[in-house]
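Secondary and tertiary structure notes
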Amino acid sequence: MIDVKNLTKYYGRTLAVDNISFNVDAGSVVGFLGPNGAGKTTTLRILTCFIPATSGSAKVGGFDVFSQSVKVRSRIGYMPENVPLYPEMRVREYLMFRAALRGLPSKQRSAAVDRAAERCWLISPEDMMRRRIDQLSRGYRQRVGLADCLLHDPEVLVLDEPTIGLDPAQVREMRKLIGSLGEKHTVILSSHILAEVEQVCKELIVISSGRIVAQGTPGELRRRVTGPSRVIVEVKGGQPELMAAAVADIDGVLDVQYTRSGNWTRLTVKGGENADLRQDVAALIAAKGYHLRELRREVSSLEDFFVQMTYEQISGQKGIGNRE
Ligand SMILES: Nc1ncnc2c1ncn2[C@@H]1O[C@H](COP(=O)(O)OP(=O)(O)OP(=O)(O)O)[C@@H](O)[C@H]1O
Ligand SMILES: [Mg+2]
């Protein structure tokens, strides 16, 4: 349904999107995940025909976003980062106005507005349709924005950070809503919150500095997260730096960091992918006669993976460090 090939976008000299390619199948809910400035909005704006790419191509439903933009726009509902609304209008009035702008025949507008409003819970439990937009809470304004992009029942929904600024209860409702929209539409949504996309998306595309750094289902990405492994140990019985150095000498240990808590030293021991260093660490502690009060393996979470993929440079050097 969405076909992006070698897409690149420069703003002047700033490279915002750097040669990215991906496909989104019809009926899929895809999360576009990345830190601030990664290029998410830029990509979504190209897909929705708001700005042209510098090079590469993007197609929606087989139509080119640049040369066949009218056809693309009629198939897409776009909810931008900041939903532009007319504050002095009432909700129904605004949605009717938008339906007219979208070229819906006048006889169909009222039904289209009711249908979209119903789906975004603007009618029940409380009827929001007669309220002025500037008197709505932010969450309800987001819903109006979402109802707006559903008016023409588009095949594809492009939602740029749909839950930003919402309170936790509203976030939950918005996620539920997006999940239900995924039953009928192809949805691509951006976020910098992993937990959010993990819950609602079948597929994740992780982008950093304009490039795709990982792609797959949340399950596939989680399987890639197995390394590096970490063992957390709390010991006493020696100088912290000497204990850390002894642990660092174990085969397979890549890095040891330590902090002190009272008489105890807490060591964070990093090993290679899938390594389980517990046995070797335990043997060393026994051999040295250190006292032990905790020894556990910590498997990286998808969150760690995301941070690692998007923020950290992996040095690859074996190190011993004091975190105090
Ligand atoms: N109109 C513009 N003119 C110049 N540079 C821009 C413009 N819009 C975005 N950029 C730059 O392009 C890069 C990507 O920005 P973009 O808005 O696509 O990121 P994003 O992933 O949506 O970030 P956020 O999570 O903060 O919304 C950034 O370096 C940004 O400063
Ligand atoms: Mg953005």
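Source: prediction; values computed, not measured.

Look at helix H4 (residues 106-119): 21 Å from first C-alpha to last across 14 residues, which is about the 20 Å you get at 1.5 Å a residue. Check the buried side of H4 and you find it contacts helix H3 (91-101) and helix H5 (138-150). With its phi angle positive at about 50°, Trp 121 sits one or two positions after the end of H4.

Pairing geometry for strand S1 (residues 2-11) and strand S2 (residues 14-24), over seven bridges, is antiparallel. In the sheet register, Tyr 10 faces S2, and the bridge partner there is Leu 15. Hairpin connection between S1 and S2: a loop of two residues separates the two successive antiparallel strands, and Gly 12 in this loop has a positive phi of roughly 60°.

This part takes up the domain arrangement of the protein. Structurally, the protein comprises domain 1 (2-223) and domain 2 (226-322). Placing the centre of domain 1 and that of domain 2 at their C-alpha centroids yields a distance of 43 Å.

Right, let's get into the site of ligand 1. Around ligand 1 sit Tyr 11, Thr 14, Ala 16, Gly 34, Asn 36, Gly 37, Ala 38, Gly 39, Lys 40, Thr 41, Thr 42 and His 192, and that is every residue in its neighbourhood. The leading source of residues in the shell around ligand 1 is helix H1 (residues 40-47), at three residues. Class assignment of the residues belonging to the shell around ligand 1 gives a composition of three nonpolar, eight polar and one charged.

Turning next to the packing of H3 against H4. One can describe the packing of H3 onto H4 by two numbers: an axis separation of 9 Å at closest approach and a directional angle of 120°. In terms of axis orientation, H3 runs oblique to H4. Considering only the axes of H3 and H4, their crossing is right-handed. Facing Arg 92, Leu 95, Met 96, Ala 99 and Ala 100 of H3, the residues of H4 in contact are Arg 109, Ala 112, Val 113, Ala 116 and Ala 117. Looking at the contact of H3 with H4 residue by residue, the classes come out as eight nonpolar, no polar and two charged.

Before going further, it helps to examine the nonpolar core. Counting residues in hydrophobic clusters, the biggest one holds 63 residues, and the most contacted among them are Leu 33, Leu 95, Ala 116, Ala 147 and Val 158. It is H5 that contributes the most residues to this core, five residues altogether. When neighbours within four sequence positions are excluded, Ala 147 is seen to be in contact with Leu 95, Ala 116, Ala 117, Cys 120 and Leu 122. The next biggest cluster of nonpolar side chains, apart from the first, holds 16 residues, and it includes Val 247, Val 256, Val 281 and Ile 285.

Each strand in a sheet pairs with its neighbour through backbone hydrogen bonds, running either in the same direction (parallel) or in the opposite one (antiparallel). Spatially, S6-S7-S8-S3-S9-S10 is the arrangement adopted by the six strands of the open sheet, whose pairing is mixed. Across the chains shown, the open sheet's two edge strands, defined by having one partner strand only, are strand S6 (76-79) and strand S10 (211-216). Mean inter-strand twist for the sheet, computed between neighbouring axes without regard to direction, equals 15°. Two strands pair when backbone bridges link them, and strand S3 (residues 29-33) and strand S9 (residues 203-208) are joined in this way by four bridges, in the parallel orientation. The residue of S9 that forms the bridge with Gly 31 is Leu 204. This element, H5, spans S6 and strand S7 (156-160) of the sheet and lies at about 165° to S6.

Spatial ordering of the open sheet is given by S2-S1-S4-S5, a layout of four strands whose pairing is antiparallel. The sheet is open, and its two edges are formed by S2 and strand S5 (63-64), each paired on a single side. Pairing of strand S4 (residues 55-60) with S5, which is carried by two bridges, proceeds in the antiparallel orientation. Across the sheet, Val 60 pairs through a bridge with Phe 63, a residue of S5.

Cut-offs and rules
Residues numbered from 1 in each chain as written. Chains lettered and ligands numbered in written order. Predicted model: local features only at pLDDT ≥ 70, side-chain atom pairs only at ≥ 80, totals over all residues. Helix = DSSP H or I, 4+ residues; strand = E, 2+ residues; numbered from the N terminus. Expected span 1.5 Å × (residues − 1). Contact = placed C-beta atoms within 7 Å. Pairing = 2+ DSSP bridges. Domains from an automatic or database assignment. Near = placed C-beta within 6 Å. Nonpolar A, V, L, I, M, F, W, Y, C, P; charged D, E, K, R; others polar. Axes fitted to C-alpha atoms, helices over the stretch in contact; angles between N-to-C directions. Parallel < 35°, antiparallel > 145°, perpendicular 65-115°, else oblique. Left-handed = near helix turned anticlockwise from the far one by under 90°. Core = buried A, V, L, I, M, F, W, Y, C linked by C-beta atoms within 7 Å. Buried ≥ 20, exposed ≤ 12 C-beta atoms within 10 Å, placed from the backbone.

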